[in-house]
Amino acid sequence: MRLPTALAALAYRDFRLLWAGQFVDMLGTQVQTVALGWLVYSLTGSTAALGGVGLARAIPTILLSIFGGTLADQVDRRRLLLVSQSFLAGLSALLALIISLGKANVPILYAFAALTAAAAAFDSPTRQALIPSLVPRERLPNALTLNVLAWQTAAVLGPATGGVIIKVFGVSAAYWINAASFLVVLGAIVAMRTRVPVPAGPRRGLSAVVEGLEFVRGRAILWQLMLVDFLAVLFVSSMGLLPAFARDVLAVGSDGLGLLYSAPAAGAVAGSVIFTLLPTPRRPGRVVALAVAAYGISLALFGMARSFPVALGLLALAGGLDAVSMAMRHTVRQLATPDSLRGRVGALASVFSAGGPRLGEFQAGMVASVVGARYAMVLGGGACLLMVVTSRWWARQLWQYRGEELPEESEEPRVEAEVPGAAESSVAGVD
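Parameters and conventions
Residues numbered from 1 in each chain as written. Predicted model: local features only at pLDDT ≥ 70, side-chain atom pairs only at ≥ 80, totals over all residues. Heavy atoms only, no water. Helix = DSSP H or I, 4+ residues; strand = E, 2+ residues; numbered from the N terminus. Contact = heavy atoms within 4.5 Å. Areas by Shrake-Rupley, 256 points an atom, 1.4 Å probe, with all protein chains shown as cover. Expected span 1.5 Å × (residues − 1). Bend = angle between axes of the 7 residues up to and from the residue. Core = buried A, V, L, I, M, F, W, Y, C linked by side-chain atoms within 4.5 Å. Buried < 20%, exposed > 50% of the residue type's maximum accessible area, 1.4 Å probe, protein only. Salt bridge = Lys/Arg side-chain N within 4 Å of Asp/Glu carboxyl O. Patch = residues over 30% accessible without salt bridge, like charges linked within 9 Å, V, L, I, M, F, W, Y side chains within 5 Å. pLDDT = per-residue confidence, 0-100. Axes fitted to C-alpha atoms, helices over the stretch in contact; angles between N-to-C directions. Parallel < 35°, antiparallel > 145°, perpendicular 65-115°, else oblique. Left-handed = near helix turned anticlockwise from the far one by under 90°. Phe/Tyr/Trp six-rings, centres within 6.5 Å; stacked < 30°, edge-to-face > 60°.

> Would you mind going over the overall build of the protein chain in detail, with residue names and values included?
For the protein chain, the count of helices and strands is 15 helices and zero strands. Partitioning the contacts of the protein chain with sequence separation of at least 6, the portion at a separation of at least 24 is 89%. When the accessible surface of the protein chain is summed, it comes to about 17,500 Å², and 67% of that surface belongs to carbon and sulfur atoms.

Given below as structure tokens:
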């Protein structure tokens, strides 16, 4: 049976497995995210301490991501995912046990945040590099959008569920659930049938890292996309301050905190769905820039909101704008990068896209400790808008880019289509 165009990537069995496993994994991770922020703020009552969580995550992300991507370009990517996912599962179970025994403290929570970020520095670029091997090139934009949609859907359901779990069962339950979620993605990886060849060539260390950096430096559209994304979330990051908004500004408790965490993802789901139904814009770089500018304005207004529903609406709007920008950035990056470099380029993108928000959480926490959470958001949103305005001069390729300059790869990924009712259907799918 023919799948709708927006779901075409799910026609491929191994992509479906990876996509479904990641979805469950991301649900657990989002539940845990709410628990970590709530526990740190409950123990300290300090926005600076919340910022410290972002810094603990940012340091290993920035230091290790490019090496994780380099490794993903040189070893069996499925096996590397099995190792990283197993480590994350054990780490989450250990922290759940520590919290259950009443032994948790801020240094332990910071160490946990740093270790999970270190593992993700290897896990994330490996996942990104694996996807193009599971689907044909012409379906890749749709697949990447579906991947964003799955992540954002999990980010809607996970935090809202996590807030209720914390209120009813306690913080430790959130970590036990997250540990169990990793078992699902491990099973999905084991069940995959597609044989993804190990990238050819000798294993290299620093020279491979430099090669990846040189490739991005030579593609202006790539580094400008990454830099705009990085600066946007560095200047204005709401996620780290949401526990303070939930408890002190809006007074909505842990279940309200779950809804605050879910709101950006709910908007992102809507944005992703709309994006799957629209043709690729003629000037995708300009769309990214305008979406980032509107994102900064939305979060500045969120900082001024005094009503819980209004705050949720503004967070949802910011999430929708971010999803459009994210899908466009992912599509351009994957199509502009040969398979032999996808791990390293994906890792460098992770340094910007993951390191930026975490440094942004630290920045927001420090600023909020001086001027308060509300004014920290307003100032950050204004800085984000100013950055986009000035990018007309320092990121001209981003504004002028039309997409036709993307180089075509000489070789298409070989994918064996395994679809329900394959005899009747010729639909291809992507993540």
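> I'd like a description of helix 4 (residues 106–134), backed by residues and values.
Along an α-helix, residues three or four positions apart point the same way, because every turn accommodates 3.6 residues. Look at helix 4: 41 Å from first C-alpha to last across 29 residues, which is about the 42 Å you get at 1.5 Å a residue. Along helix 4, the sharpest kink reaches roughly 30 degrees, centred on A120.

> Tell me about the nonpolar core, and name the residues and values.
Nonpolar side chains tend toward joint burial in soluble globular proteins. Counting 83 residues, the largest nonpolar core has V171, Y175, L241, V292, Y295 and F302 as its most contacted members. The element that contributes the greatest number of residues to this core is helix 8 (residues 220–235), accounting for ten residues. The residues contacting Y175, other than those within four sequence positions of it, are Q32, A35, L36, S92, L95, A96, I99 and F112. If you look at the next biggest cluster of nonpolar residues, it comprises 16 residues, including L81, I131, L134 and V185.

> Tell me what's going on with the pattern of salt bridges, and back it up with residues and numbers.
For the structure shown, the criterion picks out one salt bridge. In this structure, D248 and R247 form a salt bridge, with 3.4 Å as the shortest nitrogen-oxygen distance. On the accessibility criterion, R247 (38% relative accessible area) is partly exposed.

> Please provide a residue-by-residue account of a nonpolar patch on the surface, values included.
Nonpolar side chains collect at one region of the surface, where I297, L301, M304, L385, V389 and W393 lie side by side and expose about 590 Å² of accessible area between them. Going through the elements one at a time, helix 11 (284–304) and helix 14 (373–394) are the ones with two or more residues in the nonpolar patch. Considering the arrangement of structural elements, one finds I297 in helix 11.

> Could you give an account of the confidence of the model for the protein chain, naming the residues involved and the relevant values?
On average, residues of the protein chain score 78 in pLDDT, and 83% of them reach the 70 mark or higher. Averaged pLDDT values over the elements of the protein chain bottom out at 75 in helix 7 (residues 206–217) and peak at 92 in helix 14. Ignoring residues within four places in sequence, the model shows residues 405–431, a span with pLDDT below 50, making 88 contacts including any to other chains.

> Quick one: what's the story with the packing of helix 1 (residues 13–44) against helix 4, residue by residue and with numbers?
The geometry of helix 1 relative to helix 4 is characterised by a closest axis approach of 12 Å and an angle of 160 degrees between their N-to-C directions. Taken together, helix 1 and helix 4 sit at an angle that is classed as roughly antiparallel. Every pair of crossing elements has a handedness; the one defined by helix 1 and helix 4 is left-handed. Across the interface between the two elements, D14, F15, L18, Q22, D25, Q32, L36, L39, V40, L43 and T44 from helix 1 touch V106, L109, F112, A113, R127, L130, I131 and L134 from helix 4.

> Describe unusual backbone geometry, listing the residues and the values that go with them.
One non-glycine residue, A251, lies in the positive phi region at around 55 degrees. Within the secondary structure layout, A251 lies in the loop between helix 9 (242–249) and helix 10 (253–277).

> Would you mind going over the packing of aromatic side chains in detail, with residue names and values included?
Within the structure shown, the criterion is met by two aromatic pairs. Look at F112 and Y175: their rings are 5.6 Å apart centre to centre, the planes differ by 80 degrees, and that puts the pair in the edge-to-face class. Remark: Y175 occurs in helix 6 (residues 171–191) and F112 occurs in helix 4; sequence separation between them is 63 residues. When sorted by exposure, F112 lands in the same class as Y175, which is buried. Between F245 and F302, the ring centres sit 4.7 Å apart and the planes meet at 35 degrees, which makes this aromatic pair tilted. Of the two residues, F245 sits in helix 9 while F302 sits in helix 11, which places them 57 residues apart along the sequence.

> For the side chain of S172, give the residues involved together with the corresponding values.
Considering the arrangement of structural elements, one finds S172 in helix 6. We classify S172 as buried; its relative accessible area is 17%. When sequence neighbours within four positions are dropped, the list of residues in contact with S172 reads A96, I99 and S100.

> Please give an account of the environment of A93 that cites residues and values.
Looking at the element boundaries, A93 is found in helix 3 (residues 77–100). The spacing of A93 and Y175 is 82 residues in sequence and 6.6 Å in space, taken between C-alpha atoms. The residues contacting A93, other than those within four sequence positions of it, are W176 and A179.

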